[in-house]
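# Understanding the architecture of this molecule
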Amino acid sequence: MMTRMGLTYYKGLLLTAFCLSACTAGDVLPGDEGNNGDGASTPLMIAALYHETGKADTRATEKADTRAASKELTSADGSVGFYLSNANGYTPVSNREGTYNTTDNCWKPTTDILLSASQATLAVYYPHSTAHGTSGSVLSLTSAQYTAAATTKGLWCASFTANRQTVGKSLSVTLKQLYACLSVTFVKDATYKGTGKLATVSLNRTGMITGATYDVFTAAYTTTSGNTLTASSLNLTIGAGTQSSPAANVEFLLVPQTWSSGSCEISATVDGKEMKIAIPYTTLGDLKPGVQYNLTITLKPTALTIGTLNYTTDWNEVANATLDDKVEF
């Protein structure tokens with residue numbers, strides 16, 4: 001006859017066997033969160049991060065070279081942000097800060113994101129900001145004047161897939177620019193006799209996109225519209241565009257936008273007087289992500305006139321761009 005102690009032990013074995021039989025290969029057991037139940041997991045690590053800076057000039061070649069030039073991010077560039085989708089049973093992660101780990105020589109989240117054998121859908125962006133929140137999968141974009149005080153000229157992002165077999169020393173990711181840039185340079189004509197004090201510059205267009213969210217996994221923009229974008233309190237002096245009399249430059253980071261018709265009006269307050277000029281769609285075109293539009297406007301006694309317009313994807317080098325260089329990355 002089974003003793004009471006033996007019966008209790010036997011019941012315990014039966015209960016344990018029942019619980020284990022109820023678990024499938026895809027279940028996550030306590031203490032194994034994030035591993036999708038297959039035992040081992042590996043922390044997310046990226047060997048190298050790059051952000052695109054432009055394309056090589058292909059005008060002299062018969063076949064266009066679509067490879068984009070890029071710059072590798074280093075620990076001196078600051079931090080990035082990571083996202084993990086809930087696909088394939090992973091627990092989602094939103095805007096987790098990451099830095100370059102000089103011990104492991106790779107980019108890692110400050111708190112590990114564990115990857116199993118199942119494919120994970122991830123995204124990384126630069127530079128990291130808490131302004132993007134800690135939930136969901138979108139980044140916030142705002143059209144605004146770009147100033148030298150800003151730490152970076154833009155926002156870069158890329159989505160990618162990985163699992164525990166593909167992370168580590170061999171994984172590299174290239175981030176794409178999410179903004180367009182309009183760089184407006186004012187040059188004083190010899191016939192203009194005023195000082196050329198530039199106080200404000202405004203972009204005016206009904207329905208101008210002034211803000212947006214960007215989904216890091218779908219690459220979709222959800223936009224909000226306004227009518228005017230202004231750079232104020234500039235205190236710049238418009239010169240003749242020479243070394244001794246430099247031109248005045250104002251730059252705007254803009255949410256990409258498609259204008260099928262009409263124009264964008266640029267107004268400037270110069271020597272206390274407001275002056276306006278309309279830039280037709282046929283001249284400016286759509287504002288595409290990764291493209292810098294370099295517009296030169298000449299200041300004359302009674303009007304502003306369009307001098308030149310060129311395009312470049314290298315936002316730091318614009319001297320060699322021409323009207324034929326309207327390219328994107």
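Each remark here, short or long, concerns the structure printed above.
Since the structure is predicted, the reported quantities are computational estimates derived from the model, not experimental observations. (Residues numbered from 1 in each chain as written. Predicted model: local features only at pLDDT ≥ 70, side-chain atom pairs only at ≥ 80, totals over all residues. Heavy atoms only, no water.)

## Here we look at the pattern of salt bridges
Tallying each qualifying case throughout the model produces three salt bridges. Between Asp-77 and Lys-71 there is a salt bridge whose closest N-O contact spans 3.5 Å. Owing to a relative accessible area of 37%, Lys-71 belongs among the partly exposed residues under this scheme. Two residues, Asp-104 and Lys-108, come together in a salt bridge whose shortest N-O distance is 3.0 Å. Overall, Asp-104 belongs to the partly exposed group, its relative accessible area being 27%. (Salt bridge = Lys/Arg side-chain N within 4 Å of Asp/Glu carboxyl O. Buried < 20%, exposed > 50% of the residue type's maximum accessible area, 1.4 Å probe, protein only.)

## Focus: the pairing of strand S13 (residues 180-188)
On a regular strand, one side chain projects to one face of the sheet and the next to the other, so that they alternate. Burial analysis of S13 places seven of its nine residues in the buried class, the great majority of the element. Here S13 runs beside strand S17 (residues 248-254); their pairing, made up of seven bridges, is antiparallel. Residue pairing in the sheet places Leu-182 in a bridge with Phe-252 of S17. As judged from the eight bridges shared by S13 and strand S20 (residues 292-299), these two strands associate in the parallel manner. Paired with Ser-183 across the bridge in S20 is Asn-294. (Helix = DSSP H or I, 4+ residues; strand = E, 2+ residues; numbered from the N terminus. Pairing = 2+ DSSP bridges.)

## Regarding the sheet that holds strand S10 (residues 144-146)
Ordered by their spatial adjacency, five strands build an open sheet running S10-S17-S13-S20-S21, and the pairing between neighbours is mixed. If you trace the sheet from one side to the other, it starts and ends with S10 and strand S21 (304-312), each paired once. Pairs of neighbouring strands in the sheet enclose a mean axial angle of 25 degrees, with direction left out of account. The sheet contact formed by S20 and S21 spans eight bridges and is antiparallel. Looking at S21, one finds that Leu-295 is bridged to Leu-309. (Axes fitted to C-alpha atoms, helices over the stretch in contact; angles between N-to-C directions.)

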